[in-house]
Amino acid sequence: MASFDVIILGGGPAGYVCAIRAAQLGLSTAVVEKDKLGGVCVNIGCIPTKALLHSASSINLIAHQAKDLGIEVGPMTTDYGVAMKRSRRVSEQNSKGVEFLMKKNKVTVIKGTGTLLPGRKVKVGADTHDAKKAVVIATGSRVKGIPQIGLDINKTTVISSDEALFLEAAPKSMVVVGAGAVGCEFADIFNAFGTKVTLVEALPRILPIEDAECSDTLAKVFKKRGIDVLAGAKVLKAAVGKDSVTLDVEAGGEKKSITADKVLMAAGRAVNTEHMGFKEAGVQLTDRGFVKVNFSTLETTAPGVYCIGDVAGPPMLAHKGSREGVVLAELIAGHKPHPIRYDNIPSVTYCHPEVASIGLTEEQCKEKKLDYQVGRFPFSANGRARASNETDGFVKIIRDKKYGEILGAHIVGGHASEMIHELAVARENEYTVEEIDLAVHAHPTLSEAIAEAALDSMGRVIHT
Amino acid sequence: MASKVLMEALSPTMEEGRLVEWKKNEGDPVRPGDVIAEVETDKAVMELVARAEGVLLKQLVPAGSTVAVTKLVGVIGQPGEDISALLGGAPAPKATNAPTAPLPRGPAASAPLPPSPPAPPPTASGGRTKASPLARKVARERGLDLGAVAGSGPEGRIVLRDLDKSATAPAATGTAPATAAGSYQDVPLSQIRKTIARRLAQSIGPVPTFYLTTEVDMDRTWEAREALNQAGQRGSGAETKISFNDIVMKATAAALKAHPACNAWWQDDRIRYWNEVHLSVAVAVEDGLITPVVRHADRKSLREISAEVKELAGRARERRLKPEEYTGGTFSISNLGMFDIDQFTAIINPPEAGILAVGSIVEQAVVKQGAVVPGRRLRLTMSCDHRVIDGATGAAFLRTLKGMLENPLAIVY
């Protein structure tokens, strides 16, 4: 039996970041991980999908623009298997990087599945470990199917991202069920590798939690690229065969039947709360199945047991979990960290064009009856975007009418994921649209579109 | 890394403070927010709190010393840390009320330095107030003084939620009472008001004051108070006795509500007419006087006013009022009735434009319906800032107030 100040269940982006920060603050720390360090994010999530999306965008660039750019490539072939293997190497490097960071910070990594015992103890295999200050639940989430309509994940014809990331070849046809960030990213990837992709979303538009203008723009680009987008679509029945699946889908009052080699389930995730002794240790769950957490202390209903990351509740994003990890480590060490602003966490979908946002959508501003003003700037009017053939998309800034507070910002465009942080910093520091404009933006850059959108919200746009 | 403990400006007007008592000894561990010393400002005894974590390595001035704002009084750091580099700026205390206190050690104690120049107000002490652009815009719009708001952002930066806090719950927070939008109207000066202001100020001084006196028949108020207090005693017994001053305050607040022209601040280029009535009430304390403010007096019951004045006056005598509790009044009342003063004139407390001087209630022969009978009379004298209040304006207010006290039901009418 070993004793630590802090024992963390789960070595994903919430858990391992919490461990590093705790170790930096002088706490003896252990991470319990049954699989590879880095969790879903590094191994079967954020990182490998970005590697595959890089392949996808390169394919699209060569296929659609090479000639125009002065590149003669001859007939082009693609190989998903090769791209997949590259994505595995990238994940592997990242996971090794986390291992290195654990060593560097003298964090003990315990291999295995941890079970929480009452009184801040954790059992791994035959060993019981004692946490003097805190046990941290950072057990994350996993993919899930929809068994109610016959779409249980069978890992052959009905698959999740877990299997899609290891396919040796792109299927001929695929239905992606769920058009959130994961669904849109995989639709983009497989479309580039020549798969006939149908994207099915139950809610009225794809990327349903983003601003409607973003959803519409992305849907238009996807359709132009040959992805069949069915929004507001209900899957009535699924007939799962050995080599294909047939879905009966109703959309806009019309019924249709779609047969595909594979169905990729990308509708929601389940959190990992089972078989780890949570209930017995006094850790309660919410109605929606997340661990019940007091968000000012990140403590669960069991004293001395804390919870961070996906399992603590939405938004289920790696960067949200990591921040919770840092803040929790500081709380445990007796510091007074700056509280997390859950309303200021950027959301990004990395398909092409990328969609990134922060704050409220225009729909939410309307619901809240806020007095707001929208500023927009299309990339088609931006010199840098034209020069690099990335004219799809726009920057949209929603500001409070009276004071200019940035209520929300939404970007669709080639590098939206990198651009959103100007607005994240602005919002975190309560800069208004005026401060955005006052900062000189380099020319020519895509970021000029942010300054122009800020100006447009004040009725002073220059370049449209 | 050791950090300095400086004398802070604990009230808006504070230029120096007397360190009354050290609450932490050298070597005691301290954390941000811990009270390390008590400091007597120009108005009250306040707490000086730690801004850093570690141990109090050094007390650079003895208890009883008077130290200018922004001067070094102590050092917080890690045990054994070399702090000699920080000690260059230690102050020499000026003549103190506690001459027996030991002299501070260290180079600064070698010779008395000339008195430090007065420190600027806290808004300017660090060169600027740290506040987000959004907070600045909202504060400008609402007329809030950012210097009086406690920031909750990184390094005490003022962010939007700090303004919301102070705007919704002025008394509950450690910040100065903020004023919500709509609590007053600023009216730019008309030419005639400018001329009146300039000519009168030339004639009599910076606050051209005139005085209006009226005599009030207090018979019915007397009866009403007797009845109220008897009813109170028959009740739980916990009721406080209502004083005449409480009744005069209640009536004044009601009369000001009817005469907003007298519930105003002179603001140099404009006059601020308040929609809220915050009554300053003069309380004698040892060595002087202080005016705690009963906020929203027009909205409070007689009993609430009575209890609040008693509580504020008690703490005023102990010098335990917070700055926000004795600033921000819109009109003042001074009562010397208990000293058997029949009538006097009080001096205006700027930027307020009026103050009411309340004498004692005198039993005397009065003529009622052609007959000489005994009656109780009270003399009220209002000092008016002529730049804001003209003779007729002040007289109309006094007539309303007199009417209310002669017929107390009119207060609640």
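Residues numbered from 1 in each chain as written. Chains lettered and ligands numbered in written order. Predicted model: local features only at pLDDT ≥ 70, side-chain atom pairs only at ≥ 80, totals over all residues.

Peer 1: Would you mind going over the overall build of chain B in detail, with residue names and values included?
Peer 2: Looking only at helices and strands, chain B features nine helices and 19 strands. A burial count over chain B gives 38% of its 413 residues as buried. Residue pairs at least 24 apart in sequence account for 64% of intrachain contacts in chain B once pairs closer than 6 positions are excluded. (Helix = DSSP H or I, 4+ residues; strand = E, 2+ residues; numbered from the N terminus. Buried ≥ 20, exposed ≤ 12 C-beta atoms within 10 Å, placed from the backbone. Contact = placed C-beta atoms within 7 Å.)

Peer 1: So what's going on with the sheet that holds strand E8 (residues 72-77) of chain B? Which residues, and what values?
Peer 2: Residues and elements named next belong to chain B. Read from one edge to the other, the open sheet built from four strands follows the order E1-E8-E6-E3, with strand pairing classed as antiparallel. The open sheet has two edge strands with one neighbour each: strand E1 (3-6) and strand E3 (29-30). In this structure, E3 lies alongside strand E6 (residues 54-59), joined through two bridges in antiparallel fashion. Looking at the pairing, valine 30 lines up with glycine 54 of E6. (Pairing = 2+ DSSP bridges.)

Peer 1: Could you give me a rundown of the interface of chain A and chain B, with the residues and numbers involved?
Peer 2: Facing nine residues of chain A, the contacting portion of chain B comprises nine residues. Here the residues of the side of chain A that touches chain B are counted per class, giving two nonpolar, four polar and three charged. (Nonpolar A, V, L, I, M, F, W, Y, C, P; charged D, E, K, R; others polar.)

Peer 1: I'd like a description of the nonpolar core, backed by residues and values.
Peer 2: With 142 residues, the main nonpolar core has A:Ile8, A:Cys18, A:Val136, A:Val176, A:Val177 and A:Leu199 as its most contacted residues. In terms of residue count, helix H6 (residues 181-192) of chain A provides more of this core than any other element does, eight residues in total. Excluding anything up to four places from it in sequence, A:Ile8 contacts A:Gly15, A:Cys18, A:Ala19, A:Thr29, A:Ala30, A:Val31, A:Val32, A:Val136 and A:Ala138. B:Val73, B:Val277, B:Val388 and B:Leu398 belong to the second-largest nonpolar core, a separate cluster that totals 80 residues. (Core = buried A, V, L, I, M, F, W, Y, C linked by C-beta atoms within 7 Å.)

Peer 1: Help me get a handle on the environment of A:His410, residues and values and all.
Peer 2: Residue and element names in this part refer to chain A. You can see histidine 410 is positioned in strand E22 (residues 406-413). Accessibility expressed as a C-beta count within 10 Å gives 31 for histidine 410, which makes it buried. Sequence separation of histidine 410 and isoleucine 420 is 10 residues, and the distance between their C-alpha atoms is 7.9 Å. Residues contacting histidine 410, with those up to four places away along its chain left out, are Glu210, Asp211, Glu213, Cys214, Ser357 and Lys396.

Peer 1: Can you tell me about unusual backbone geometry, naming the residues and giving the values?
Peer 2: The omega torsion across A:His443 and A:Pro444 is -5 degrees, close enough to zero to call that bond cis. Here A:Pro444 lies in the loop between helix H12 (433-438) and helix H13 (448-457). Of note, the amide linkage connecting B:Pro350 to B:Pro351 takes the cis form, showing an omega dihedral of 10 degrees. Following the sequence through the fold, B:Pro351 ends up in the loop between strand E17 (331-335) and strand E18 (354-368). Here the phi dihedral of A:Leu298 falls at roughly 60 degrees; this positive angle occurs in a residue that is not glycine.

Peer 1: Now, about H6(A): what can you tell me, with residues and values included?
Peer 2: Residue and element names in this part refer to chain A. Its 12 residues give H6 an end-to-end C-alpha distance of 17 Å, which sits within 8% of 16 Å, the value for a rise of 1.5 Å per residue. With 12 of 12 residues buried, H6 is to be regarded as a mostly interior element. Of all the residues in H6, the buried ones are Ala181, Val182, Gly183, Cys184, Glu185, Phe186, Ala187, Asp188, Ile189, Phe190, Asn191 and Ala192. At the C-terminal side of H6, glycine 194 shows a positive phi close to 90 degrees. (Expected span 1.5 Å × (residues − 1).)

Peer 1: Explain the packing of helix H1 (residues 15-24) of chain A against helix H8 (residues 318-332) of chain A residue by residue, including any values.
Peer 2: Residues and elements named next belong to chain A. One way to put it is that H1 packs onto H8 with a least axis distance of 7 Å and a crossing angle of 35 degrees. The two elements H1 and H8 meet at a crossing, and its hand is right-handed. Across from Gly15, Val17, Cys18, Arg21 and Ala22 in H1, the residues of H8 making contact are Ser322, Gly325, Val326, Leu328, Ala329, Glu330 and Ile332. (Axes fitted to C-alpha atoms, helices over the stretch in contact; angles between N-to-C directions. Left-handed = near helix turned anticlockwise from the far one by under 90°.)

Peer 1: So what's going on with the environment of B:Met14? Which residues, and what values?
Peer 2: Residues and elements named next belong to chain B. Along the chain, the position of methionine 14 falls in the loop between E1 and strand E2 (16-22). You can call methionine 14 buried: it has 24 C-beta atoms within 10 Å. Taking the C-alpha atoms as reference points, methionine 14 and glutamate 40, separated by 26 residues in sequence, lie 9.7 Å from one another. Excluding anything up to four places from it in sequence, methionine 14 contacts Ala9, Thr41, Asp42 and Val69.

Peer 1: Kindly report on helix H8 (residues 391-406) of chain B, identifying the contributing residues and their values.
Peer 2: Residues and elements named next belong to chain B. Taking 1.5 Å per residue, 16 residues should reach 22 Å; H8 reaches 22 Å between its end C-alpha atoms and fits that length. Along H8, the residues that are buried comprise Gly394, Phe397, Leu398, Thr400, Leu401, Met404 and Leu405. Take H8 and look down its axis: the buried residues cluster within an arc of 155 degrees, on one side only. Of the exposed residues in H8, the ones pointing more than 90 degrees away from its buried face are Gly391 and Ala392. (Arc of directions from axis to C-beta.)

Peer 1: Tell me about the confidence of the model for chain B, and please be specific about residues and values.
Peer 2: All names here are of chain B. Per-residue pLDDT for chain B has a mean of 80; in total, 83% of the residues score no lower than 70. Low confidence marks residues 89-126, where pLDDT is under 50. Its contacts with residues over four positions away, or in another chain, come to 64 contacts. Contacts from residues 168-178, a stretch scored under 50 in pLDDT, to residues over four places away or in other chains number 24 contacts. For this predicted complex, the interface confidence score (ipTM) comes to 0.75, while the overall pTM stands at 0.61. (pLDDT = per-residue confidence, 0-100.)

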